[in-house]
Each structure stands twice: as C-alpha cells, then as structure tokens.
Amino acid sequence: MAGKTAFETKYGFARKDVRLDNWRLRPFSQWSFQNVGELVPSVHVAAAASGEEQAKSLGALLDEKVTVAGGAETVETFLKRSDTDGLTVLKGGRLVGDWSAPHMPFGQRHIIFSISKSVTAVLAGILEGEGVFDAEAPVTEYIPEAKGSAYGDASVRNVLDMTVSLDFEEAYLDPESAFARYRRATLWNPGGGSESLAAFLLTLQRLAEPHGQTYRYRSPNSDMLGILVERASGKRVGDLLAEKLWLPLGAASEMSVTVDMEGTARTAGGMSMTPRDLARIGEMMRQGGTANGRRIVPEAWVRDTVAAGGSHEAWRRGTMAFLFPKGRYRNKWYQMGTTSGAFCGIGIHGQWLYVNPKAEVVIAKMSSQPEPVDDQLDVDIVAFLEALSGMV
C-alpha cells in the first residue's frame, strides 16, 4: 500500500475527501477555508505589484496573559483554543506582528465569510461619494423587478443596516431550510445550478412588521447589496473591488469572491484574502477612509458608519444585543458601544476585523471554528481583542 501523500500528512485527510457537502465542517475546513476557489467558482482580483511580504512574529506578546470569562490564559493559548488560523496586529498603522497556525502558511488567503458584507458596504460608500449611489433610495429604483418581494417596499438604507423585515432565518445547520436553498443558489452546497442567487432573492417575502424597526441579521440582504452596487455602477463587483478598493488600498496579495451560476458575486460571505490585507481595510477605516495618502471612501461615510449612524433601538430589538449591549449596526459594520469607539466586522466560524481607534490598533483574526456561531466564544473573543489592543 502506498504511503500517505504530503497533503494527507499535513492535514490528516486526502484532498478528494473535501466536498461541497462537508467543506465547512472540521477537519476539512482547516484546508477548505484557505482554498474555497477549488470548490466554488470564484472571481479573482489582482493586487498592485509589490514585493513578497515576510512574516513578523508577535514574539513575547504570545506569552502575555489575557483574561476572558474562563479566567487568564496566554495569548497563544487563546489563539489555539479559538481555532485561529491567521492573525495580524497593527498599531498606529505599523505592523506589530503575525501569527499562523501550522496548517495555514503565512500569506495564504482565507475566506472572511460575513466580513465580506462590510467590504461590500465600503464599495457602496465609495459609489455614494461619487454620486452614483443613493443609500436612501428605494431598492426598486435600482432593481425594479424586486417589486412583489420583501424588498419591494424596502429602502437601500434598510438593506445596509439589516432592518429589512425579512421572513428568513439563518438556519446554518438545517439541510431542509430556505437557508439551504439559498446556499444551493450560491453554489456553496450540492445541488446548485438550477436557481440563480438573484432569482432566489426575489422569491423572499416580508414579515408584517414595518421595515426599519428591528435589526435582523439576514445574509440575503448583503447579496442584494452586491446587486444594488452593480446596478448603480454598471460594473461587476470584481471590477469594482479592483478599481475602487484593492488597488488604491495597496493590497499586497490577490483576493477572490465566489460567484453563482450567472457570475453574481456572493457579497454576503464569499470573499477571501490574507490577514494582512484584511488588516489594511481596517486601517483604512481607522484612518477615516484613506490609505497611502489617498482618499478611498468619504470621511463622512466612515464617521457615520463607525460612530454616528445606526439605531441603538433597532439593534436592541435584535438577537445580538448580548454581544454589544450599547452597540449599533450601520452600513454592515458593528459599532461596539465601548469608550474606545471600537468597531468591527464579524464572520461565522470565527472571522474578525477589530478596530480600536483610541488604542490605534487593528486586529485581523481568521479562524476555522467548528461551529458557525458560538455565542460564548464570541464573548471571549471580544474580551481577548480588547485586552490585546491594550497590550501592544
């Protein structure tokens, strides 16, 4: 019998064992989250030409203690316990250091899941600044065929702030749910290819409650946002990312986003990039929308997104208020409601982009947590990020 391949030795399973029906499950996710393009069709966005980046160790910081709900543990112990794959920390725009799990080489791209929502909203902010996108317009101004769906009487602002009164549940683990049909439409699950993402979105119906009253985390809203920015600009999401964000940002590595049968980008969760480049997005937001001395998104939009805008009452009525009791949600970014003014993007399975303006710290954390959502671990991660931001 032939010996194990290098792949099997490294990951503990064969490449052929990773399929659409299991790629988000452990142990396969430790590889698949870095290689989504081998499983789901994807559009690639090139980076500006630059030299290869080198990893920088977090050094003695890894041995420092942080206190979370379960007590004190070292930074490195927490990174391992929370299934971290890659981490990058910036302070005042300078690199503090990186950390990578053995199965994730430095510089490897990793799916950011719902932080993709936050990135897509940045595109919307850029287009708004150019005068080609109106956040207060009705959805039907850009997508007339949305009439008759949940979005027929919703505003773009409702879509941006997750206040569409949408009759849909994020049932991640139910194979018979509408969510499973949604994932088939995105080509993330077996059986896709008969219904496009746009067609699926236009079948969704609304609840009786008026739009705008309650924060409801519903990923289809963010795929709808991707279609909205395409309609407003006349350009595909991949081209917008390259022209408006990725090249101006000075990203060092290629990024990608998964697409459906029609080439519609999965802007709710399909983006992959390196931890360093994700941290660059956070730093751009910390700098009020600038990078490399160049304005990328209007300062007023950033201020509204991370500090001034959003309804605390709508957030309080939602199901995530336990995480940020004084929080708000605006333009698909979370305002944490802390004295530091911290804000973040969050994705399932442990993806975080944390920005602490007071400490001038940005932390990008990519993970392969076994569960899509783990409320207690999320509470611990918030405590960890806040503690780490005070240590660097």
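Computed from a predicted structure; not experimentally measured.

Definitions and limits used
Residues numbered from 1 in each chain as written. Predicted model: local features only at pLDDT ≥ 70, side-chain atom pairs only at ≥ 80, totals over all residues. Heavy atoms only, no water. Pairing = 2+ DSSP bridges. Helix = DSSP H or I, 4+ residues; strand = E, 2+ residues; numbered from the N terminus. Axes fitted to C-alpha atoms, helices over the stretch in contact; angles between N-to-C directions. Salt bridge = Lys/Arg side-chain N within 4 Å of Asp/Glu carboxyl O. Buried < 20%, exposed > 50% of the residue type's maximum accessible area, 1.4 Å probe, protein only. Contact = heavy atoms within 4.5 Å.

Looking at the sheet that holds strand 14 (residues 351-356)
In space, the 7 strands of this open sheet follow the order 5-4-15-14-13-12-11, with antiparallel pairing throughout. The outermost strands of the open sheet, each flanked by one partner alone, are strand 5 (94-100) and strand 11 (328-330). The sheet shows a mean angle of 15° between the axes of neighbouring strands, direction not considered. Where strand 4 (residues 84-91) lies against strand 5, 6 bridges are found, and the strand directions are antiparallel.

A short note on the pattern of salt bridges
Side-chain pairs of opposite charge can arise where the charged atoms are in close proximity. Taken as a whole and assessed by the stated rule, the structure comprises 26 salt bridges. For aspartate 161, the salt bridge goes to arginine 157, with nearest N and O atoms at 3.1 Å. Comparing aspartate 161 with arginine 157, the two get one shared label, buried. A salt bridge links aspartate 277 to arginine 280, with the nearest nitrogen and oxygen atoms 2.6 Å apart. Separated by 3 residues within a single helix, aspartate 277 and arginine 280 lie in helix 11 (residues 275-286), roughly one turn from each other. When salt bridges that share partners are traced, they join Glu53, Asp98, Arg276, Asp277 and Arg280 into one network.

Focus on the side chain of serine 155
Turning to its location among the elements, serine 155 is positioned in the loop between helix 5 (139-142) and helix 6 (156-160). Excluding residues within four positions of it along the chain, serine 155 makes contact with Glu136, Ala137, Pro138 and Val139.

A word on the sheet that holds strand 1 (residues 42-45)
Spatial strand order, 1-7-8-6: 4 strands in an open sheet with antiparallel pairing. Both edges of this open sheet fall to strand 1 and strand 6 (110-111), since each of them pairs with a single strand only. In terms of strand pairing, strand 1 meets strand 7 (residues 255-258) through 4 bridges, oriented antiparallel. By the bridge assignment for strand 7, valine 45 is matched with methionine 255.

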